[in-house]
Each structure stands twice: as structure tokens, then as C-alpha cells.
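# Architecture at a glance
The chain contents come next:
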Amino acid sequence: MEVPSASILSEAAEELSRPRLNKDSILKSLKDSSSIVRKSLLDKLYKLLKNHAIPSRYACAFAFAVTDCLEDVQVNSINYLVEFLKDYGREARTHQTLLDQSTDSGMVNQPEYIVVFLIHVLAHDPVFPSEYCQDEFVYARFCSPLLAVLQALLMPQFVNSNKEFLSSTVSCLIGIFRAIKKAEDAVDDYFTPVGMKLHILSEIGLHTLKLLSCNTLSSMGSPGLVLLSSSFYKVNRDISNTKAQVNNLIGRLISENFMEKILDAFKCIINW
């Protein structure tokens, strides 16, 4: 039986009790060799999120845990992620009459907005696939947190087969991805020069969205304005040059055929 040391559990508990959670500490705990530590962290995060005791961005932890080596941790992560999206989505719709969801202030209250933080974390991951990588399994595993969130958001159980709700969800995500493609990293340009990795991930998100929503992307509208967190993003002052560089790279990397292979590989990796 796996028994983690008291110090490990104490460290995890201390982290969760802090007023401001540390992203790096949480990601480190998700990779802890003790499954008990990993499960305890996910359980605690879910309870805190359910009680609105921590910002919604910490739901990203569930997405990062969907590729856990243990099936029960995978299942718990997926369930927590889906429940979070359903609960927060329900609350956002409940307050829709009080808050204009087409504005940036309404957008940040949507569960889809966690994608803003998820993409930023992925862009800073040191194992980001190289620009020469054409292995769909490498991309599927690396992008699994993003793919998991998008798949969960478009699940029939989540949208309740409601076309209006589906349209709103897709529209919201389109707005987020397009906004990120116009921004650059506000934290460390060394990791994401001119927002290149942020833009690549946004393009992957758009391609995935198109495939998961049965190619109805072109018929969907998008919010006119999506404000990104200024702690993570800043305005791209060289948007035309960046766009040319990104389009050139994406043209070589991300085709619809390759994205289909990535999604197929993702289905093999995740026990959805």
C-alpha cells in the first residue's frame, strides 16, 4: 500500500491553505510520485472551486491531470473538470440577464475563460514540441489539457443538445483564441518570443474547435471584445510581422489532416 510521508502531505496541505495558490507548486504536486498526494490535491481543489474559495483558473489542474498514469486519477480529473464546467456554466447562464455576456466583463465569468490561463501555462512548458515535430502522439499528449477542456465543453452532456448553448460556447472560445493570437506574453518573452507558442496553441484550439463542432465554425459569431488577463498577456506591438511568422510556421505544422491525427491520438491516450 502506498503511504506518502507526512512531510509530503503537509507540504501539499500547506500549499492549498495559502491565500494565493502557487501555480508551479500545484503543477509539481500533480506530478508527485504518490497517487494519494495527487488525489488529495484534486479533491481539495474541486471543493475549493465548488465553494468559490479560489479563482476559477485553478480548474486547469483537472485538465493537466487527465493524462495521469493511474486510471482512477484520470477518471476523477475528467469528472471534476466536467462538473466544474457544468456548475460554472450554469451559474453564468443564471446571471446572464444581469450581466451582458457579450462584453469582456461577462466573458471572464464564463467557464470557457480558463482556456486563457491553460494556454499560457502550456506555452511556458519546457517540453513544448519543436517546430519540426510531426508526431501526432507527442502533440496529443502535450496538448491533452487543452483538448480535454474543449472536448468537455462540447460534450452533449454539457451543452444538453442545446444549439443556442453550443453556439454560445463555440463563439466564446473563438473570441478567446482570436484575442490570444493578437497578443504576446507579458511574463517572459524568452519562453514565448513574440507570442509564437501562444499563437500556435490558439491555432490548434481553433482547428480542434472546428473538428469537434462538426465544421460549423464559419457560421458562428464571436464576441467583439475579449480582454485577456494583463498579468499574462500584453498587446502585440508588431502584430503584422508576428502574424506573418506564425502563419508561415502554422502552415508547415498544423494542417487539418494533422489535427485529425492528433485528435485520434488523444482518444487513444485519454480514457474518456
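This text gives an overview of the structure that appears in the document.

Cut-offs applied
- Residues numbered from 1 in each chain as written.
- Predicted model: local features only at pLDDT ≥ 70, side-chain atom pairs only at ≥ 80, totals over all residues.
- Heavy atoms only, no water.
- Axes fitted to C-alpha atoms, helices over the stretch in contact; angles between N-to-C directions.
- Helix = DSSP H or I, 4+ residues; strand = E, 2+ residues; numbered from the N terminus.
- Left-handed = near helix turned anticlockwise from the far one by under 90°.
- Contact = heavy atoms within 4.5 Å.
- Nonpolar A, V, L, I, M, F, W, Y, C, P; charged D, E, K, R; others polar.
- 1 Å grid on protein atoms, 1.4 Å probe; cavity = no way out; pocket = protein on both sides within 12 Å on 5 of 7 lines; lining within 4 Å.
- Points joined across faces, edges and corners; volume = space filled by probe spheres on them.
- Salt bridge = Lys/Arg side-chain N within 4 Å of Asp/Glu carboxyl O.
- Buried < 20%, exposed > 50% of the residue type's maximum accessible area, 1.4 Å probe, protein only.

### Notes on the packing of helix H9 (residues 144–153) against helix H12 (residues 196–212)
In contact at an axis separation of 10 Å, H9 and H12 are set at 35° when each is read in the N-to-C sense. With respect to the hand of their crossing, H9 and H12 are arranged in right-handed fashion. Every residue of H12 that contacts H9 at Leu146, Leu147, Leu150 and Gln151 is listed here: Leu201, Gly205, Thr208, Leu209 and Leu212. For the contact of H9 with H12, the per-class residue count stands at 6 nonpolar, 3 polar and no charged.

### Side note on the layout of surface pockets
Its volume calculated, the largest pocket comes out at about 1200 Å³. For the largest pocket, the lining is made up of 41 residues, of which Lys23, Asp24, Leu27, Phe64 and Val121 are closest to its centre. Contributions of two or more residues to the lining of the largest pocket are made by helix H2 (23–30), helix H4 (60–64), helix H7 (114–123), helix H8 (136–142) and H9. Looking at which element gives the most residues to the lining of the largest pocket, the answer is H2, with 6 residues. A per-class count over the lining of the largest pocket returns 24 nonpolar, 6 polar and 11 charged.

### Here we look at the pattern of salt bridges
One pass over the full model with this rule turns up 7 salt bridges. Of the charged contacts, one joins arginine 90 and aspartate 87 as a salt bridge, the two residues approaching to 3.1 Å between their closest N and O atoms. Within this pair, arginine 90 and its partner aspartate 87 are both found in helix H5 (residues 71–94), separated by 3 residues, close to a single helical turn. With a relative accessible area of 12%, aspartate 87 lands in the buried category. Where salt bridges share partners, they join Lys50, Asp87 and Arg90 into one cluster.

### Notes on the environment of glutamate 112
Considering the arrangement of structural elements, one finds glutamate 112 in the loop between helix H6 (104–107) and H7. Each C-alpha atom, one on glutamate 112 and one on arginine 57, is 10.0 Å from the other, the two residues being 55 residues apart in sequence. Beyond its immediate sequence surroundings of up to four residues, glutamate 112 is in contact with Leu153, Thr169, Cys172, Leu173 and Ile176.

Scope: geometric values only; no functional claims are made or implied.
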